[in-house]
Amino acid sequence: MKSMNNLDFLLGGPQGGGLETAMNILSKTFVLAGYGFIAEREYFSNIVGRHSYIHARVSARSIPRSLRYPVRLLVASDAETLFTHYMDLSEEAVIIYNTEDSTRSLSDIPSMEDQTRSRIITLLNGENVEPRVDSLVRYLEESKHVKTIQLDFRKILGEASRIRGIKPNVLGRYISSIIVGSVVVLTGLDKNHVRRALERVFTRRPEMVEDNMVVLKLVEAEMHEYSGFLKLDVPDLEPGKHMVLSGNDAIALGKIVAGVRYQSYYPITPAADESLLLERYMNIDFNGVKGSLIVIQMEDEIAAVTSAIGASLTGVRASTSTSGPGFDLMIEGLSYAGMNEVPIVITYYQRGGPSTGQPTRGAQSDLLSAIFAGHGEFTRVVLSSGDHMEAFYDVVEAFNIAEKYQVPVIHLLDKFLANTIATIPLPVLSEVRIERGTVVSESVKSYKRFSLDHVVSPRAFIGRPNIMWYTGDEHDEYGHIVEDPEIRRKMYEKRLAKYNLIKKEVDTRFKYTYHGYEDPDYILIGWGSVKGVCLDAIEELRGKGIKAGYLNVKMLWPFPSEVEKYLKNPERVIAVEHSYEAQIRILVSIATGLRIHRKIIKYTGRPITLNELINAVEKIVSKKTDEVVLTYGA
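So, how was this worked out
- Residues numbered from 1 in each chain as written.
- Predicted model: local features only at pLDDT ≥ 70, side-chain atom pairs only at ≥ 80, totals over all residues.
- Heavy atoms only, no water.
- Helix = DSSP H or I, 4+ residues; strand = E, 2+ residues; numbered from the N terminus.
- Rg over C-alpha atoms; globule rule 2.2 N^0.38 Å.
- Buried < 20%, exposed > 50% of the residue type's maximum accessible area, 1.4 Å probe, protein only.
- Contact = heavy atoms within 4.5 Å.
- Areas by Shrake-Rupley, 256 points an atom, 1.4 Å probe, with all protein chains shown as cover.
- Lys, Arg positive; Asp, Glu negative; His and termini not counted.
- Charge placed at Lys NZ, Arg CZ, Asp CG, Glu CD.
- Salt bridge = Lys/Arg side-chain N within 4 Å of Asp/Glu carboxyl O.
- Polar contact = N/O pair within 3.5 Å; in protein donor to acceptor, adjacent residues only side chain to side chain.
- Axes fitted to C-alpha atoms, helices over the stretch in contact; angles between N-to-C directions.
- Parallel < 35°, antiparallel > 145°, perpendicular 65-115°, else oblique.
- Left-handed = near helix turned anticlockwise from the far one by under 90°.
- Nonpolar A, V, L, I, M, F, W, Y, C, P; charged D, E, K, R; others polar.
- Pairing = 2+ DSSP bridges.
- Patch = residues over 30% accessible without salt bridge, like charges linked within 9 Å, V, L, I, M, F, W, Y side chains within 5 Å.
- Phe/Tyr/Trp six-rings, centres within 6.5 Å; stacked < 30°, edge-to-face > 60°.
- Lys NZ or Arg CZ within 6 Å of the ring centre and 35° of its normal.

Q: Hey, could you go over the overall build of the protein chain for me, with residue numbers and the actual values?
A: Broken down by element type, the protein chain carries 20 helices and 23 strands. Against the compact-globule benchmark of 26 Å for 634 residues, the protein chain has a radius of gyration of 26 Å, which places it among compact chains. Considering only C-alpha atoms, the protein chain reaches an extent of 80 × 60 × 45 Å along its principal axes. Across the 634 residues of the protein chain, 58% fall into the buried class. Once local pairs closer than 6 in sequence are excluded, the contacts in the protein chain between residues at least 24 apart make up 75%. Surface summary for the protein chain: the accessible area is close to 25900 Å², and the carbon and sulfur share equals 50%. Where the 75 positive side-chain charges of the protein chain centre and where its 80 negative ones centre are 3 Å apart.

This is the structure:
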């Protein structure tokens, strides 16, 4: 077969069945081989058993920025995956599945939700397909010319056990090896790249590397006639070193580079993975310079934010990470930080709400909550990041802003970015700057922590020579509680005057970026993880004769007035967001008075994919509608 520039594929199976390991190995294998890679993980909020899948794209020509349907390859480690994703396949796609699932019926799958089962049965009935795997496979072979490949998982694992002496009770862990092996064989990847990837995943566990290589050889023997069936072109990416990492990883590494020395958290999805990575680097040795990073799991989110405030007051860069329900509990601490001008960073990963909502699904519906949470008025900054590279640099800038202006900064991310594995070039550390603001290190007679001589008063640290007072109440320049109306007015105005400084002084590249035509017919406006799919969309739309641009808003509050020049014709602006209201429209209206009417929204908890975004833009451009609700994805 002719080789391909790109491959879109799905890996599916039960939660806890090794899919995350398979994604980890495959991502490293493809990148080591010189390809660009992106993958997003979707999973239920239980620990094991329910349906989970990886949606990925690998490219020989570029670093992928978005995901798309239909896919060319589906690797199913259980029957549920086949029933759930058969609609996602392209013509002449390839399916790999377990021989033992051939006779499985839809009614035999206890882990599937009743509503999902009923929906699939209705679809199958419409095509006169019995709800059995063998019937479904025949239908796909006939209707879409799909190539189906059966692998006897039990046989492969049994042979691996015999060769390597793997204990029967842990054989299930090697299903991920079968998944990896099948993808490697089909795409014709060099097994040396697989070995190198395995050595990185299973550091200091050489026996696991050899176990996996044996499974790979057994899969290769079973699939020898399909070797290179979906072969990729020789990669032609720009030379240089690359990283493959999740959004959580990018944030954690950014915090280390930023000089964070205290991180608190209470376990919550999808924020916890960031702190778990930081725990691995609690003792840092960088070119002979040693430092320590304290990471503490607190008893709740209230303790997490207040301990970060306490750490910041001693002079260290401090942060906490959370998601929606946790942020709700942190709000009193946020207000305290606002009153006392404490520089802290709250890394806020959005997920589906309200309440517990969808703990493992994505959303962007907490924008207004992040901006307006808390009682009273005080200066805070809300930043967002559109991709992994932005996230790395933005987290450093978040701490610079926090300390330079002595304000709480909320770094607003989402589950999609957190759980997406992506390829990025190595960050350029020479471009990283650290700004700690004005700090008083020597003893000052009658030190005024909240001096009214400055909008941002010189900061001293607890435990150093100077004495200061902190309270939740209104206070004078020393920090003593007062209720005098004149002092109240001056302190209130001092705290809020920081907004103008921030709007004036923060570098434009941390406020927004614009991509596309300078004189577009339409502008997509969004923030956060929709960046990649919007950038790919404007490129695809160019080929359809539609001149489009993308306005990526990064500093959401205070809202950058500079972006108004792109919004002069609101009728030509389309908001793209994972929420019902497209809250960026509300924010634009509050900050500029301009009203954006058109929106493309998705609130199923699944990511926006390229195909559905392009279709939605075309509907709006053709003036068929002003609003498109996206729903694609299992």
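Q: Help me get a handle on the pattern of salt bridges, residues and values and all.
A: With the rule as written, the count across this model stands at 47 salt bridges. The closest approach of N and O atoms between Glu562 and Lys511, which form a salt bridge, is 2.9 Å. You can see Glu562 sitting in the loop between β20 (555-557) and β21 (573-577) and its partner Lys511 sitting in the loop between α17 (498-505) and β17 (512-516), a full 51 residues away along the chain. By relative accessible area, which is 27% here, Glu562 ends up partly exposed. Residues joined by salt bridges that share partners form a network here, namely Arg65, Arg68, Asp536, Glu539 and Glu540.

Q: For unusual backbone geometry, give the residues involved together with the corresponding values.
A: Following Thr269, the chain continues to Pro270 via a peptide bond in cis, the omega torsion being 0°. Along the chain, Pro270 turns up in the loop between β8 (260-265) and α10 (272-279). The amide bond that connects Trp557 to the next residue, Pro558, takes the cis arrangement and shows omega of -5°. With a phi close to 55°, Ala582 is a non-glycine residue in the positive phi region. Tracing the backbone through its elements, the reader meets Ala582 in the loop between β21 and α19 (583-592).

Q: Provide a residue-level description of the environment of His85, including the pertinent values.
A: Locating His85 in the fold gives a position in helix α2 (residues 79-85). It is 30 Å that separates the C-alpha atoms of His85 and Arg195, two residues lying 110 residues apart in sequence. Once residues within four sequence positions are removed from consideration, His85 is found in contact with Leu10, His51, Tyr53, Leu74 and Ala634. A distance of 2.8 Å separates a polar atom in the side chain of His85 from a polar atom in the side chain of His51.

Q: So, the packing of helix α1 (residues 19-32) against helix α7 (residues 191-201): which residues are in play, and what are the values?
A: Following both chains from N to C, one finds α1 and α7 inclined at 130°, their axes separated by 8 Å at the closest point. The angle between α1 and α7 falls in the class oblique. Handedness of the crossing formed by α1 with α7: right-handed. Contact residues: Asn24, Ile25, Lys28, Thr29 and Leu32 in α1; His193, Val194, Arg196, Ala197, Leu198, Arg200 and Val201 in α7. Considered class by class, the residues forming the contact of α1 with α7 number six nonpolar, three polar and three charged.

Q: Provide a residue-level description of the pairing of strand β1 (residues 6-14), including the pertinent values.
A: Remember that side chains alternate between the two faces of the sheet whenever the strand is regular. Counting buried positions over the nine residues of β1 gives seven, a clear majority of the element. Note: β1 against strand β3 (residues 51-59), nine bridges, orientation antiparallel. When the sheet's bridge partners are listed, Asn6 is paired in β3 with Ser59. When β1 meets strand β4 (residues 71-76), the two strands line up parallel, connected through four bridges. Residue pairing across strands places Leu11 opposite Val75, the latter belonging to β4.

Q: Explain the sheet that holds strand β19 (residues 548-553) to me, and be specific about the residues and the numbers.
A: Ordered in space as β17-β19-β18-β21-β22-β23, the six strands form an open sheet in which the pairing is mixed. Each end of this open sheet is capped by a strand with a single partner; those strands are β17 and β23 (627-630). The sheet shows a mean angle of 20° between the axes of neighbouring strands, taken without regard to direction. By the bridge criterion, five bridges tie β17 to β19 in an arrangement that is antiparallel. Directly across from His515, in β19, lies its bridge partner Tyr550. Sheet strands in contact with α19 are β18 (522-526), β19, β21 and β22 (598-602), and its direction is about 130° off that of β21. Each of β18, β21, β22 and β23 is contacted by helix α20 (residues 610-621), which is oriented at about 155° to β22, the strand it contacts most.

Q: Outline a nonpolar patch on the surface, listing residues and values.
A: A contiguous nonpolar surface patch, about 310 Å² in accessible area, is contributed by Tyr580, Tyr603 and Val629. By the secondary structure assignment, Val629 is in strand β23. Classification of Val629 by relative accessible area gives partly exposed; the value is 34%.

Q: So, the packing of aromatic side chains: which residues are in play, and what are the values?
A: In total, this model carries 13 aromatic pairs according to the counting rule given. Ring centres 4.7 Å apart and planes at 50° place the aromatic pair Tyr69 and Tyr632 in the tilted group. On the criterion of sequence distance, the pair formed by Tyr69 in the loop between β3 and β4 and Tyr632 in the segment after β23 is long-range, its members being 563 residues apart. The exposure class assigned to Tyr69 is buried, which follows from its relative accessible area of 7%. Taking 6.4 Å as the distance between ring centres and 90° as the angle between the ring planes, the aromatic pair formed by Tyr499 and Trp557 counts as edge-to-face. With Tyr499 in helix α17 and Trp557 in strand β20, this pair connects stretches of sequence that are 58 residues apart. Residue class for Trp557 comes out buried when judged on its relative accessible area of 17%. Taken together, Phe9, Phe30, Tyr35 and Phe37 form an aromatic cluster joined through their ring pairs. Across from the ring centre of Tyr580, 5.5 Å away, lies the NZ or CZ of Lys599, which sits over that ring.

Distances and angles like these do not, on their own, reveal function.
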